[in-house]
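Chains, contacts and geometry: an overview
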6 protein chains.
Amino acid sequence: MRVAVIRKAHFNAAHRLHNPAWDEARNREVFGLCNNPNGHGHNYELEVKVVGEVDPETGMVLDLGWLANLIRYEVEQRFDHKHLNLDTEEFRTLNPTAENIAIVIWRILRAHLPERLDLYVRLYETPRNFVEYPA
Amino acid sequence: MRVAVIRKAHFNAAHRLHNPAWDEARNREVFGLCNNPNGHGHNYELEVKVVGEVDPETGMVLDLGWLANLIRYEVEQRFDHKHLNLDTEEFRTLNPTAENIAIVIWRILRAHLPERLDLYVRLYETPRNFVEYPA
Amino acid sequence: MRVAVIRKAHFNAAHRLHNPAWDEARNREVFGLCNNPNGHGHNYELEVKVVGEVDPETGMVLDLGWLANLIRYEVEQRFDHKHLNLDTEEFRTLNPTAENIAIVIWRILRAHLPERLDLYVRLYETPRNFVEYPA
Amino acid sequence: MRVAVIRKAHFNAAHRLHNPAWDEARNREVFGLCNNPNGHGHNYELEVKVVGEVDPETGMVLDLGWLANLIRYEVEQRFDHKHLNLDTEEFRTLNPTAENIAIVIWRILRAHLPERLDLYVRLYETPRNFVEYPA
Amino acid sequence: MRVAVIRKAHFNAAHRLHNPAWDEARNREVFGLCNNPNGHGHNYELEVKVVGEVDPETGMVLDLGWLANLIRYEVEQRFDHKHLNLDTEEFRTLNPTAENIAIVIWRILRAHLPERLDLYVRLYETPRNFVEYPA
Amino acid sequence: MRVAVIRKAHFNAAHRLHNPAWDEARNREVFGLCNNPNGHGHNYELEVKVVGEVDPETGMVLDLGWLANLIRYEVEQRFDHKHLNLDTEEFRTLNPTAENIAIVIWRILRAHLPERLDLYVRLYETPRNFVEYPA
């Protein structure tokens, strides 16, 4: 009787793809327009999937209000209306690709979830590009 | 050569989250606004996923028209434009959380599907909250 | 330089279409499944459109945060997770069709907007049915 | 026989809402999180609506491929993957609110369209906030 | 108290853009890939907007079930799963551009609507291209 | 650290479901309207999912621009604005059901992907019907 519960959230942020170990030409070659020095931005749409047994007393896997608040305080307040490279600890040295952002969000949320629950993160960078972690 | 075929459907229903074994205060604490005595409602969007081998003669896993009719008669006609707690046998004593509704729909459909086909149900309670069973 | 600014919001509610001046048969004939005595429900998606001149100092027609709060306190808190016929003053005697709900919301919001701004409301009852007021 | 033809496009950009004539406190008060010094960003979704008579020989209002290219070269290449305030001439001194961006795009496109065609622009800053010009 | 009521519908059809008065080269130049001799196809999404006074007895502009059936019998059954150029009377000699399809649908529906109601048609040829008639 | 990266694409095509080994009556019985001799069509929406390790230097699973180009040249240019049965080698004898189209696209793309990457294809024939391969 394991059920997956998915909650959507979103945050709007600027970012720049860049590897400081590379020179400018290599960065431009690999990251293209995403390497623009002043950054660009996205409406990130986030889906947080939590898998667990249904509690027979509540009929729910977990309290969805609690999950929504967890996402609000731990993800949205951290990243919303920020420049990820310049304004956040997480991406000061880590390249804020969609892959890395998803992994970072997974780790942040994982630390707050009871062990009985499995966690998956899907992150839309645009309506046409998105990532899932773990795959 | 196993392929998943997904068909979307929908039904509009009222429901109330409530555990009769608890007192009013406990119900309100756990279920919040969803415990409103007169109920509230949703446009439930349903995705039924059926997995099986592709029949080499038809090029299809199953007859999608047959599946659409099965969903219409067994799910939509049962739940559409109903108050789930008051108008349906399935939720007269079972709390109609999204988790429980998904499990109930899975069991209804499972009973009509050939054994060679696997079945998964995704149910959107709102565009922002949804569940999957089995996970 | 008049620009329209649109803000989306949503609320989940139960309702029943019913005219108490008619007998049961007439109600069933006109409103069909929507006349179900215990009600059914929807995820109402609301678009509030405000039209006005762009303020040259702010570059904005109005403060979108103010508008979002107005919608939250005057519309969402009033109707979200309610049975419109049983739990709200507005629809105790007024039939909660999508048309009437849109007109009621327009009147509520109109009373709070400065005269210099025009107001339009679009209300989705389902993703397939929606209304606009004024037309 | 006037028909409206609408073409969607998109660009991803960073921006910062800011009025240099105001002090920091006033900027923060009016623009809130959108005043973040390093900027934030959006997936801007653009709808370009062109209204005109249907040409009886082609059955079309205008060549949609020509319109798509016009949008690509005049709007997408100008704003996509840019920081609007720092990387574009248009918003070096003009506050890049959704209202102002829509007006700027309208002016750019208007200059390239034959007089017989009317032009309207809708710009989604997020899936929940959008503007239309002219209203 | 005029309200607009919008109903969505859809049909899947093949079509070919072609003007028999032109030679092959001219057709290819104007219509590009859409001139492919064997045709291509679309999931046409249709929005039918009807504007009128709200009936105080029903709270509705018109019976939405009646409108849904009108669209089903007059539009969907006529065009769904057809090759528009080869299988329908309407487009045997008329070029099935989105503009022309919208005008044809408007005329078909207009003939069945009471005079007190205004009618508007929006037709999505793809999620990125759509037309509105009248504009 | 395996992450899934998903890229959306689309193509518009006509097709006809038909098994030449069957007589007309059997084809009509099994494929219904989809057996219409002149074909019908769809806006196919494609999601290509690639799973692999995140490269620590780029922070990415693979170069998304490379993937987008691969899809453009190998899938879109092959199938877009075509009649699948009449204009493509792949479906001259293979019935172009959604299941078969997904399998064909998977094989085409698989041949171009490095072995370290897993590949999954989701194909929407309509917004209401879609398939996934492998399941």
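Refer to the structure presented above.
Here's a quick rundown of the structure.

The next thing to look at is the overall build of chain A. Helix and strand content of chain A: four helices and five strands. The N-to-C order of helical and strand elements in chain A reads β-α-β-α-β-α-α-β-β. In terms of overall dimensions, chain A has a C-alpha envelope of 60 × 25 × 25 Å along the principal axes. Relative to its full complement of 135 residues, chain A shows a buried share of 59%. On chain A, roughly 5,600 Å² of surface is accessible, and the fraction owed to carbon and sulfur atoms is 50%. Seen as two clouds, the 16 positive and the 20 negative side-chain charges of chain A have centres 2 Å apart.

Further remarks concern the pattern of salt bridges. The tally for this structure, following the rule as stated, stands at 60 salt bridges over all chains. Between B:Arg26 and B:Glu29 there is a salt bridge, with its nearest N and O atoms 3.9 Å apart. One end of the pair, B:Arg26, and the other, B:Glu29, are both in helix α1 (residues 24-31), three residues apart, so they sit about a helical turn from each other. Where F:Asp118 meets F:Arg2, a salt bridge forms, and the shortest distance between an N and an O atom there is 2.9 Å.

With that out of the way, let us pick up the interface of chain A and chain D. Chain A puts 24 residues into the contact, and the matching count from chain D is 24 residues. Together chain A and chain D conceal approximately 1,800 Å² of surface at their shared face, both sides included; 48% is due to carbon and sulfur atoms. Interface area lost by chain A to chain D is led by A:Asn38, A:Asn43 and A:His81, which between them contribute 31%. At the boundary of chain A with chain D, the tally comes to two salt bridges. Close ionic contact of D:Arg128 with A:Glu45 constitutes a salt bridge, the shortest N to O distance being 3.1 Å. Our count for the contact surface shared by chain A and chain D stands at 19 residue pairs in polar contact (both at pLDDT 80 or more). Elements with a contribution of two residues or more to the side of chain A that touches chain D: β1 (2-15), β2 (40-53), β3 (82-83), α3 (84-87) and β4 (118-126) of chain A. Per-element accounting of the side of chain A that touches chain D gives the leading share, five residues, to β2(A).

Here we take up the interface of chain E and chain D. Taken together, the contact between chain E and chain D spans 19 residues of the former and 18 residues of the latter. Each partner contributes to the roughly 1,600 Å² buried at the junction of chain E and chain D, and carbon and sulfur atoms together form 56% of this total. Area buried by chain E at its contact with chain D is led by E:Glu99, E:Phe130 and E:Glu132, which between them contribute 31% of it. At the junction of chain E and chain D, the tally comes to one salt bridge. Across the pair E:Glu132 and D:Lys49 runs a salt bridge whose closest N-O atoms are separated by 3.3 Å. Across the chain E-chain D interface, the total number found is eleven residue pairs in polar contact (both at pLDDT 80 or more). For the side of chain E that touches chain D, the secondary-structure elements that each account for two or more residues are α1 (24-31), α4 (98-110) and β5 (129-133) of chain E. When residues in the side of chain E that touches chain D are grouped by element, the largest group, five residues, is from β5(E). For the side of chain E that touches chain D, the class distribution of residues is ten nonpolar, five polar and four charged.

Next up on the list: unusual backbone geometry. Looking along the chain, the bond that leaves A:Tyr133 and enters A:Pro134 is cis, with omega of -10°. For A:Pro134, the location among the structural elements is in the segment after β5 (129-133). For C:His81, which is not glycine, the phi torsion reads 60° and is therefore positive. Along the chain, the position of C:His81 falls in the loop between α2 (64-79) and β3 (82-83). You can call C:His81 buried: its relative accessible area is 11%.

Turning our attention to the relation of the copies chain E and chain D. Once turned by 120° and shifted 0.0 Å along the axis, chain E lies on chain D with an RMSD of 0.0 Å. On the angle and the small slide along the axis, the relation comes out as a three-fold axis. By C-alpha distance to the rotation axis, the residue of chain E lying nearest is E:Ala135, at 8.3 Å.

Here the focus is the pairing of strand β2 (residues 40-53) of chain F. All names here are of chain F. The buried fraction of β2 amounts to eleven of the 14 residues, a majority that puts the element mostly inside the structure. Where strand β1 (residues 2-15) meets β2, 14 bridges bridge the pair, whose relative direction is antiparallel. When the sheet's bridge partners are listed, Ile 6 is paired in β2 with Lys 49. Relative to strand β4 (residues 118-126), β2 is paired through seven bridges, and the arrangement is antiparallel. By the bridge assignment, Leu 46 is partnered in β4 with Leu 123.

With that out of the way, let us pick up α1(B). Residues and elements named next belong to chain B. Asn 27, Val 30 and Phe 31 are the residues of α1 that are buried. Looking straight down α1, one finds that the buried residues subtend no more than 80° of arc, so they occupy a single side. Away from its buried face, by an angle of more than 90 degrees, α1 presents the exposed residues Ala 25 and Glu 29. At the N-terminal boundary of α1, the capping side chain belongs to Asp 23, with an oxygen 3.3 Å from the backbone nitrogen of Ala 25. Gly 32 occupies a position one or two residues after α1 and carries a positive phi of about 60°.

Turning to the relation of the copies chain A and chain D, a few remarks are in order. In summary, the two copies of the chain are related to each other by a rotation about an axis coupled with a shift along it. When chain A is fitted onto chain D, the two copies agree to an RMSD of 0.0 Å after a turn of 180° and an axial shift of 0.0 Å. The superposition operator between the copies reduces to a two-fold rotation axis. Mapped onto chain D, 100% of the interface residues of chain A again fall at the interface, so both copies present the same surface.

Following the criterion strictly, the structure yields 36 aromatic pairs over all chains and no others. Taking the centre distance of 5.8 Å and the plane angle of 45° together, the rings of A:Phe11 and A:Phe79 count as tilted. Residue A:Phe11 is located in strand β1, and its partner A:Phe79 is located in helix α2 (residues 64-79); the two are separated by 68 residues in the primary sequence. Its relative accessible area of 0% is what places A:Phe79 among the buried residues. Pairing F:Phe11 with F:Tyr44 gives two aromatic rings, centres 5.0 Å apart and planes at 20°, and the pair type is stacked. In this pair, F:Phe11 is assigned in strand β1 and F:Tyr44 in strand β2, connecting sequence segments 33 residues apart. Exposure remark for F:Phe11: the relative accessible area of 0% places this residue in the buried category.

Turning our attention to the packing of helix α2 (residues 64-79) of chain E against α4(E). Residues and elements named next belong to chain E. Running from amino to carboxyl end, α2 crosses α4 at an angle of 140°, the nearest separation of the two axes being 10 Å. Between α2 and α4 lies a crossing of right-handed hand. In this structure, α2 contributes Leu 70, Glu 74, Val 75, Arg 78 and Phe 79 to the contact, and α4 contributes Val 104, Ile 105, Ile 108 and Leu 109. Taken together, the residues of the contact of α2 with α4 sort by class into seven nonpolar, no polar and two charged.

This part is about the nonpolar core. It is characteristic of soluble globular proteins that their nonpolar side chains tend to be buried jointly. With 105 residues, the main nonpolar core has A:Ile105, B:Ile105 and F:Ile105 as its most contacted residues. In this structure, F:Ile105 is in contact with F:Phe11, F:Leu46, F:Val75, F:Phe79, F:Val121 and F:Leu123, ignoring residues within four places of it in sequence. Counting residues in each nonpolar core, the second largest holds 104 residues, with C:Phe79, C:Leu123, D:Ile105 and E:Ile108 among its members.

As a further point, take the environment of B:Glu125. Mapping B:Glu125 onto the fold places it in strand β4 (residues 118-126). Classification of B:Glu125 by relative accessible area gives buried; the value is 13%.

Conventions and cut-offs
- Residues numbered from 1 in each chain as written.
- Chains lettered and ligands numbered in written order.
- Predicted model: local features only at pLDDT ≥ 70, side-chain atom pairs only at ≥ 80, totals over all residues.
- Heavy atoms only, no water.
- Helix = DSSP H or I, 4+ residues; strand = E, 2+ residues; numbered from the N terminus.
- Buried < 20%, exposed > 50% of the residue type's maximum accessible area, 1.4 Å probe, protein only.
- Areas by Shrake-Rupley, 256 points an atom, 1.4 Å probe, with all protein chains shown as cover.
- Lys, Arg positive; Asp, Glu negative; His and termini not counted.
- Charge placed at Lys NZ, Arg CZ, Asp CG, Glu CD.
- Salt bridge = Lys/Arg side-chain N within 4 Å of Asp/Glu carboxyl O.
- Contact = heavy atoms within 4.5 Å.
- Buried area = accessible area lost by both parts, 1.4 Å probe.
- Polar contact = N/O pair within 3.5 Å; in protein donor to acceptor, adjacent residues only side chain to side chain.
- Nonpolar A, V, L, I, M, F, W, Y, C, P; charged D, E, K, R; others polar.
- Least-squares fit on C-alpha atoms with pLDDT ≥ 70 in both.
- Pairing = 2+ DSSP bridges.
- Arc of directions from axis to C-beta.
- Phe/Tyr/Trp six-rings, centres within 6.5 Å; stacked < 30°, edge-to-face > 60°.
- Axes fitted to C-alpha atoms, helices over the stretch in contact; angles between N-to-C directions.
- Left-handed = near helix turned anticlockwise from the far one by under 90°.
- Core = buried A, V, L, I, M, F, W, Y, C linked by side-chain atoms within 4.5 Å.

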